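Observations on chain architecture
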Amino acid sequence: MDKMSTDALPLAMSSPEKRETVCIFGTGDFGRSLGFKMIQCDYHVVFGSRNPQASSLLASGAEVLSYAEAARRSDIIILTIHREHYSFLTELTEVLNGKILVDVSNNLRVNEHPESNAEYLAQLMPKAHVVKAFNTISAWALQSGALDASRQVCVCGNDSKAKQRVMDVVRNLGLTPLDQGSLLAAKEIENYPLQLFPMWRMPFYLSAVLCVFLFFYCVVRDVIYPYVYEKEDNTFRLAASIPNRVFPITALTLLALVFLPGVIAAILQLYHGTKYRRFPGWLDHWMLCRKQLGLVALGFACLHVLYTLVIPIRYYGRWRSRNATITQLMTKKENPFSASSAWLSDSYLSLGILGFFLFVLLGITSLPSVSNTVTWREFRFVQSKLGFVTLILCTAHTLVYGGKRFLSPSALRWYLPSAYILALIIPCTVLAIKFILLLPCIDRTLTRIRQGWERDTAAVKPAVNGKSDI
Amino acid sequence: MDKMSTDALPLAMSSPEKRETVCIFGTGDFGRSLGFKMIQCDYHVVFGSRNPQASSLLASGAEVLSYAEAARRSDIIILTIHREHYSFLTELTEVLNGKILVDVSNNLRVNEHPESNAEYLAQLMPKAHVVKAFNTISAWALQSGALDASRQVCVCGNDSKAKQRVMDVVRNLGLTPLDQGSLLAAKEIENYPLQLFPMWRMPFYLSAVLCVFLFFYCVVRDVIYPYVYEKEDNTFRLAASIPNRVFPITALTLLALVFLPGVIAAILQLYHGTKYRRFPGWLDHWMLCRKQLGLVALGFACLHVLYTLVIPIRYYGRWRSRNATITQLMTKKENPFSASSAWLSDSYLSLGILGFFLFVLLGITSLPSVSNTVTWREFRFVQSKLGFVTLILCTAHTLVYGGKRFLSPSALRWYLPSAYILALIIPCTVLAIKFILLLPCIDRTLTRIRQGWERDTAAVKPAVNGKSDI
Amino acid sequence: MDKMSTDALPLAMSSPEKRETVCIFGTGDFGRSLGFKMIQCDYHVVFGSRNPQASSLLASGAEVLSYAEAARRSDIIILTIHREHYSFLTELTEVLNGKILVDVSNNLRVNEHPESNAEYLAQLMPKAHVVKAFNTISAWALQSGALDASRQVCVCGNDSKAKQRVMDVVRNLGLTPLDQGSLLAAKEIENYPLQLFPMWRMPFYLSAVLCVFLFFYCVVRDVIYPYVYEKEDNTFRLAASIPNRVFPITALTLLALVFLPGVIAAILQLYHGTKYRRFPGWLDHWMLCRKQLGLVALGFACLHVLYTLVIPIRYYGRWRSRNATITQLMTKKENPFSASSAWLSDSYLSLGILGFFLFVLLGITSLPSVSNTVTWREFRFVQSKLGFVTLILCTAHTLVYGGKRFLSPSALRWYLPSAYILALIIPCTVLAIKFILLLPCIDRTLTRIRQGWERDTAAVKPAVNGKSDI
């Protein structure tokens, strides 16, 4: 029967004697998809099943045998069975000793079991070489060829030869193996496919809450207030004018929140007089998702730019400009060129353009492939120096935008100040604290703390941590 | 002579005793360029040649000897000769046994020979260790240092120690070796440099055809028709107005074509009642170049955005706005603010901005370094969920743009409808079918099929593919 | 005491018997930060110190012993001491023989010592296995978890097993090891963290000089000249109008400078009749930073686009358009539509849009992850073919912008021509030479030279470099 199925196969590029046999335990969806793919890539596939008669289900060219028979045919056995059923493998200990067992299983929850599935398998079968692989690939992707995202297969295992052979199989399937080291890494690899943007959640929810709050704030000021007092129908503002108020405020606030944790951390370090004390958990988490916060802020900034550039095309913009001309002509008012207005408008736009430009630069350097090619010093330079310049430019953009209207009582509606004033609260706070921290006396202490100096033990230290240690 | 040439060399950073000798067979352009680069990187290079007297041609510091003599000097022999001439190596079998032979050859056509050049070499010289490397690097790039694209050198070979040594040579030349596994990979590595954007061809031709067709369609409607009936000279529209009609239509149509194959595949799966049947070839190819289709569509969308934002700067835009003001003043018509026009214009622009923003996001996630850092679940979420929202937003943008003019008879010219109506055909079809597929009863069946359920064998299956298999 | 500190530790995921002991020599900032991180990742850390009593300083859970005692506890000894103090290790030769010594040291200057620190250590301790690692990671980043840029740890060493073990440690700390080959690579790895954008410096300074020069040129023409002759206050132009003149000129000049070295190189090759002669140093350096030049040019082009799109929103833009309408009404002039003005304005904008679009495409393909996925042929196609089309489009954009004003005497102010004319000098020169080089007779010679043909030895060559060599 072996021969027959071999003959039935289309002979691909390589000659038949080269064909390697791989055994797959389990005939579920993933097992069959993987088998199908392997047959396409010119492997001879033997399925191990409790019920070998039902071979009709499987891809033509594959055999289905009992577990023990199938395992005897190949050095590599891929287990596409759930962890709960691993115990039956102990009956096959003799056959499986010395073979390579590939664990592809996943869990339903992060850290579902105390040890990873692969480590559990290695404890069950101490004489087999357990390799973790393929769990980050989906059955659907394997079959449809839609593997854009997941060409990378994380592989780990304690036996380096076994790992190497599995990595060769991965390569032959057109995928990219990533050596993740020993079986200790299996836990992380098993948690990997369960996550859905874990670091993006906080920035996402935060920006959603900010947007909703600001939207209603602007609706009250710009739609309801004029309707109540002047019977004006301003509902059309919901479509573009109010978004173009909400988005820049959200962007600037989120950008400031990127720099706030660094400032808080510096204050904590100054307060404790050491850098060797852990930050509270919330601050740690906040610091870890700064990149995501910044990218969400950049997204809102992009929307703000698009909404702004579109103003002269909008019906409202065209109507207003036409009306201004006509009114001026009707009232026969002079329209002298006001240099101060030109200065205000141009510098406000220039600050915005330069701030946005640097912001996009920051976004580009946070692309994984770009940040991998810069050194730590370069990255720090871009992210902290350029980041602060961006924050300063964007805050100045908002301040100049306000111009003379800033906090004038006529701008208050129902005691609510203009929305852009809300945008300035956090950035100005962050910048103020940052400038205080840059005062020479404070900056010197902070630098020493960050180089390992500790206030409490300063007297003892020089003896221990001499100039000889890094 | 050996000593002399060594002394003549500038002593680079490492001391002379460290200098490794590498032998290069063949003094063609690639051989000489590689030798030149190796001498720069402080290797001692010995060329093997049929005609060793003609050493004047080679970089100073290199020796030229007969093949056999040169091969004796080094463990590593790089063969820069064409495959057709490999047969002469059999004369040198004794000298080459146990040595590392590096095959750098390329072919003129994809799959030119039944087996790869490196495998052919390994058959000729079974006792040498054949390693495939350097074939993806160009001689010109090696010499000019313009190696931005090609720092990566794919290396494969059956002997891991030999491969490791070649990878060290690659690293010392300032290049990045990529271990591609055993010599079986040589075939793919040899085909690699021959391709020129293979997956981009279909999207490119398709968009070119679409653009040309739409361009002439718009010329007929917007230039020839007014000329024939109103003697208007509208040729200036060729420069910017018509491109800004052609580009958005092409973008939307291509975006819809990204989602059409997925919809067709779902219908086929429902029809056959299984996912284990292969799709027809054209559908497979279409599904594989969806990413490229989407990126081409994004390019056209970007052009559309730029052309639109530039409208108020164009002479035509300025002239029209001035004219509108003057006409209104002349005719002394009232110009009350029309809230419905403002709504229409603002919501049309808002839909466009949001659609474009999501489209750019999709484009960013398809960058290799970004898609490598997201899990399969995250990628699927972004590409399918966000992708459909993008398609819906862009289709709605076009629908609202049409507004009241939609299919009004006055818009017909020579029975040709407005061009934007053509843009709606495929997107609306795709969205309609997609919504039908999302109906609970159909969606449930489709989900089961994609999890491995098969209609024809549904009765037998539960016994075989129990809950134990993945 | 060993036991106690173990009990005091929180038991992480893995069981206590798995915990590996790592020894760190030196209790400086980096040593302590690394120890802290390793304890978090469930290692048992033993510090070696001259003064083991001062253990209070260290992270709880770590022991501090004398150097010799600490070294006996572990196979892996991480040296966080300065190179100048390595000599004391010779006293410990017996204990350290056969152990893995990890060198993490950095220098203060590029190529500070004749050999790398790791090679110096290997000479001192010939029987230990020296591995270079961790030097690209900062202590601050290790502790704060802000490891976005520096997850990659370059590892090199002569003993592959020792290297493998260190790479496993790196992986367990959540970092990504990069195998850089043998200890010869240590020199480069030690220089790596010292660099701050080395290839960006020339483009950066060049563009700064260009910007400053053009800024003052424009100030003289657009602010001082009108003030002197017409007493106009044009200072508001400093904020947006002049930047929008300076940026596009800088962008176009830098873009032309990207292509100039290639043209010079071709002339040199034609002159020398060979490609095997090295280019002068300045040309080599120029060719190597072409990518950076191009990206800086792209940045200025983006700024130009933003400044241009913002024109109709600026107070000046709105004032001018209102004024034009009013003036026309007042003077009761006709305002017929000028098709030629429309053509000029539209084609000028279209050329700019298409040029900018291709420029952005070029920028995207220079992202490391994108350029890694294209072959050399594809990269060359994009960078040279598309690059020249971009240069042609952008030059044409500037030429058409000038339109009829080009070199008209009325445009001269104090004999200074319009600034945009300066922008055309280098691009036009480059394009002119390039077109000459593309003449069939010259192109043929150049192609032959680039394929290895040499003018001086053309008579001898065919015999030597037959068709058999690549």
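All values derive from a computational prediction rather than experimental measurement. (Residues numbered from 1 in each chain as written. Chains lettered and ligands numbered in written order. Predicted model: local features only at pLDDT ≥ 70, side-chain atom pairs only at ≥ 80, totals over all residues. Heavy atoms only, no water.)

**Topic: the overall build of chain A**
Along its length, chain A carries 19 helices and 8 strands. Within the span of chain A, comprising 470 residues, buried residues form 55% of the whole. Put simply, 71% of the contacts in chain A that link residues at least 6 apart link residues at least 24 apart. Counting every atom, chain A has about 21,100 Å² of accessible surface; 62% of that belongs to carbon and sulfur. (Helix = DSSP H or I, 4+ residues; strand = E, 2+ residues; numbered from the N terminus. Buried < 20%, exposed > 50% of the residue type's maximum accessible area, 1.4 Å probe, protein only. Contact = heavy atoms within 4.5 Å. Areas by Shrake-Rupley, 256 points an atom, 1.4 Å probe, with all protein chains shown as cover.)

**Some points on the relation of the copies chain B and chain C**
Each copy of the sequence occupies a distinct position, and chain B is placed on chain C by a rotation of 120 degrees and an axial shift of 0.0 Å, giving an RMSD of 0.1 Å. The transformation relating the two chain copies, once decomposed into turn and shift, fits a three-fold axis. Nearest to the rotation axis, the C-alpha of serine 369 of chain B is located 3.2 Å from it, this being the minimum over chain B. Comparing interface residues between copies, only 8% of those in chain B also lie at the interface in chain C; the contact surfaces differ. (Least-squares fit on C-alpha atoms with pLDDT ≥ 70 in both.)

**Considering the packing of helix H13 (residues 315–331) of chain A against helix H13 (residues 315–331) of chain C**
Closest axis-to-axis distance for the H13 of chain A/H13 of chain C pair is 10 Å, and the angle between their directions is 45 degrees. Overall, the two elements H13 of chain A and H13 of chain C adopt an arrangement that is oblique. Between H13 of chain A and H13 of chain C lies a crossing of right-handed hand. Note on element contacts: H13 of chain C touches H13 of chain A through Arg322, Thr325, Ile326, Leu329 and Met330 of chain C, opposite Ala324, Thr325, Gln328 and Leu329 of chain A. Looking at the contact of H13 of chain A with H13 of chain C residue by residue, the classes come out as 5 nonpolar, 3 polar and 1 charged. (Axes fitted to C-alpha atoms, helices over the stretch in contact; angles between N-to-C directions. Parallel < 35°, antiparallel > 145°, perpendicular 65-115°, else oblique. Left-handed = near helix turned anticlockwise from the far one by under 90°. Nonpolar A, V, L, I, M, F, W, Y, C, P; charged D, E, K, R; others polar.)

**What about the interface of chain A and chain C?**
Each partner contributes residues to the interface: chain A has 68 residues there, and chain C has 73 residues. Taken together, the links from chain A to chain C amount to 1 salt bridge. The closest approach of N and O atoms between aspartate 346 of chain A and arginine 314 of chain C, which form a salt bridge, is 2.9 Å. At the boundary of chain A and chain C, one finds 7 residue pairs in polar contact (both at pLDDT 80 or more). Of all elements in the fold, only helix H12 (290–309), H13, helix H14 (339–365), helix H15 (368–373), helix H16 (376–402) and helix H19 (461–464) of chain A reach the threshold of two or more residues within the side of chain A that touches chain C. (Salt bridge = Lys/Arg side-chain N within 4 Å of Asp/Glu carboxyl O. Polar contact = N/O pair within 3.5 Å; in protein donor to acceptor, adjacent residues only side chain to side chain.)

**Structural notes on the relation of the copies chain A and chain C**
Least-squares fitting of chain A to chain C yields an RMSD of 0.1 Å, with the transformation described by 0.0 Å of translation along the axis and a rotation of 120 degrees. Comparing interface residues between copies, only 9% of those in chain A also sit at the interface in chain C, which points to a heterologous contact through distinct surfaces.

**Digging into the side chain of serine 418 of chain C**
Residues and elements named next belong to chain C. Its place among the elements puts serine 418 in the loop between helix H16 (376–402) and helix H17 (419–437). At 3.4 Å, the side chain of serine 418 forms a polar contact with the side chain of arginine 221. Excluding anything up to four places from it in sequence, serine 418 contacts Arg221 and Ala411.

**Points about the packing of aromatic side chains**
Enumeration according to the criterion identifies 55 aromatic pairs over all chains in this entry. Between the aromatic rings of phenylalanine 215 of chain C and phenylalanine 216 of chain C, the centroid separation amounts to 5.9 Å while the plane-to-plane angle is 85 degrees, which identifies the pairing as edge-to-face. On the basis of relative accessible area, phenylalanine 216 of chain C is assigned to the exposed category, the value being 52%. Within the aromatic cluster, the residues linked to one another by ring pairs are Phe236, Tyr315, Tyr316 and Trp319 of chain A together with Phe337 of chain B. Here arginine 83 of chain C stacks its cationic end above the ring of tyrosine 120 of chain C, 4.4 Å away from the centre of that ring. For lysine 231 of chain C, the ring lying beneath its charged end belongs to tyrosine 227 of chain C, and the centroid distance is 5.2 Å. (Phe/Tyr/Trp six-rings, centres within 6.5 Å; stacked < 30°, edge-to-face > 60°. Lys NZ or Arg CZ within 6 Å of the ring centre and 35° of its normal.)

**Regarding the nonpolar core**
In this structure, Leu391 of chain A, Leu391 of chain B together with Leu391 of chain C are the most contacted members of the largest nonpolar core, which totals 191 residues. In this structure, leucine 391 of chain A is in contact with Leu252, Leu255, Ala256, Phe259, Pro427, Val430 and Leu431 of chain A, ignoring residues within four places of it in sequence. (Core = buried A, V, L, I, M, F, W, Y, C linked by side-chain atoms within 4.5 Å.)

**Considering helix H12 (residues 290–309) of chain B**
With 20 residues, H12 of chain B ought to run about 28 Å at 1.5 Å a step, and its terminal C-alpha atoms sit 28 Å apart, in line with that. Taken across its 20 residues, H12 of chain B has 16 buried, putting it largely inside the fold. (Expected span 1.5 Å × (residues − 1).)

**Observations regarding the pattern of salt bridges**
Per the stated rule, a full pass over the model turns up 30 salt bridges over all chains. Residue glutamate 63 of chain A is joined to arginine 73 of chain A by a salt bridge in which the shortest nitrogen-to-oxygen separation is 3.1 Å. Here glutamate 63 of chain A, found in strand E3 (residues 63–65), pairs with arginine 73 of chain A, found in the loop between helix H3 (67–72) and strand E4 (76–79); they are 10 residues apart in sequence, far enough to count as distant. Aspartate 75 of chain C serves as the salt-bridge partner of arginine 165 of chain C, at 3.1 Å between the closest nitrogen and oxygen. Of the two residues, arginine 165 of chain C is situated in helix H7 (residues 160–172) and aspartate 75 of chain C in the loop between helix H3 (67–72) and strand E4 (76–79); the sequence distance between them amounts to 90 residues. With a relative accessible area of 42%, aspartate 75 of chain C lands in the partly exposed category. Shared partners join several salt bridges into a network, and the residues in it are Glu20, Asp75 and Arg165 of chain A.

**Some words on the sheet that holds E4 of chain A**
Residues and elements named next belong to chain A. Spatial strand order, E3-E2-E1-E4-E5-E6-E7-E8: 8 strands in an open sheet with mixed pairing. Looking at the sheet topology across the chains shown, the edges are occupied by E3 and strand E8 (176–179). Neighbour-to-neighbour, the strand axes of this sheet turn through a mean angle of 30 degrees, independent of strand direction. Bridging between strand E1 (residues 21–25) and strand E2 (residues 44–48) involves 5 bridges; their strand directions are parallel. Each bridged residue has a counterpart across the sheet, and for valine 22 the counterpart in E2 is valine 45. Contacts between helix H2 (residues 29–40) and the sheet are confined to E1, E2 and E4, with E2 contributing the most and set at about 160 degrees to the helix. Of the strands in this sheet, E4, strand E5 (100–103), strand E6 (129–132), strand E7 (152–157) and E8 touch helix H7 (residues 160–172), which is tilted by about 165 degrees from E7. (Pairing = 2+ DSSP bridges.)

**Re the domain arrangement of chain A**
For chain A, the assigned domains read domain 1 (21–194) and domain 2 (201–438). The distance between the C-alpha centroids of domain 1 of chain A and domain 2 of chain A comes to 51 Å. (Domains from an automatic or database assignment.)

**Regarding the pairing of E1 of chain A**
Residues and elements named next belong to chain A. Most of E1 sits inside the fold, with 4 of its 5 residues counted as buried. Handedness of the crossover joining E1 and E2 through H2 is recorded here as right-handed. Note: E1 against E4, 3 bridges, orientation parallel. In the sheet register, phenylalanine 25 faces E4, and the bridge partner there is leucine 79. (Right-handed = clockwise from strand over helix to strand, strands pointing away.)

**Concerning the interface of chain B and chain C**
Taken together, the contact pairs 73 residues of chain B with 68 residues of chain C. Between chain B and chain C, the buried area comes to about 6,500 Å², and carbon and sulfur atoms account for 63% of it. Across the chain B-chain C interface, the total number found is 1 salt bridge. Of all the secondary structure elements, the ones that give two or more residues to the side of chain B that touches chain C are helix H2 (29–40), helix H6 (139–144), helix H7 (160–172), H12, helix H13 (315–331) and helix H15 (368–373) of chain B. (Buried area = accessible area lost by both parts, 1.4 Å probe.)

**What to know about unusual backbone geometry**
A positive phi angle, close to 70 degrees, is found at phenylalanine 134 of chain A, a residue other than glycine. By the element assignment, phenylalanine 134 of chain A lies in the loop between E6 and helix H6 (139–144).

**Examining the environment of arginine 322 of chain C**
Tracing the chain through its elements places arginine 322 of chain C in helix H13. For arginine 322 of chain C, a relative accessible area of 16% gives the class buried. If near-sequence neighbours (up to four positions away) are discounted, arginine 322 of chain C is found in contact with Ala324, Thr325, Gln328 and Asn335 of chain A.

**A closer look at the sheet that holds strand E2 (residues 44–48) of chain C**
Residue and element names in this part refer to chain C. In spatial order, the strands read E3-E2-E1-E4-E5-E6-E7-E8; together these 8 strands make up an open sheet with mixed pairing. Looking at which strands have only one partner, the edges of the open sheet turn out to be strand E3 (63–65) and strand E8 (176–179). Pairs of neighbouring strands in the sheet enclose a mean axial angle of 30 degrees, with direction left out of account. Relative to the sheet, helix H2 (residues 29–40) contacts strand E1 (21–25), E2 and E4, its axis offset from that of E2 by approximately 160 degrees.

**As for the confidence of the model for chain A**
Residues and elements named next belong to chain A. Per-residue pLDDT for chain A has a mean of 83; in total, 88% of the residues score no lower than 70. Contacts for the low-pLDDT stretch residues 1–17, under 50 throughout, to residues beyond four places or in other chains number 15 contacts. Under a pLDDT of 50 for its full length, residues 459–466 has, in the predicted model, 16 contacts with residues more than four places off or in other chains. Model confidence for the complex: the whole-complex pTM is 0.84, and ipTM, which rates the interface, is 0.82. (pLDDT = per-residue confidence, 0-100.)

**Structural notes on the side chain of arginine 32 of chain B**
Residues and elements named next belong to chain B. With respect to the element layout, arginine 32 can be found in helix H2. Relative accessible area serves as the criterion here: at 3%, arginine 32 is assigned to the buried category. In terms of polar contacts, arginine 32 uses its side chain to reach the backbone carbonyl oxygen of threonine 27, at 3.3 Å.

**Observations regarding a nonpolar patch on the surface**
A grouping of Ile224, Tyr227, Val228, Tyr229 and Trp414 of chain A is seen on the molecular surface, where their side chains present a nonpolar patch of about 510 Å² in accessible area. By secondary structure assignment, the location of tryptophan 414 of chain A is in the loop between H16 and helix H17 (419–437). (Patch = residues over 30% accessible without salt bridge, like charges linked within 9 Å, V, L, I, M, F, W, Y side chains within 5 Å.)

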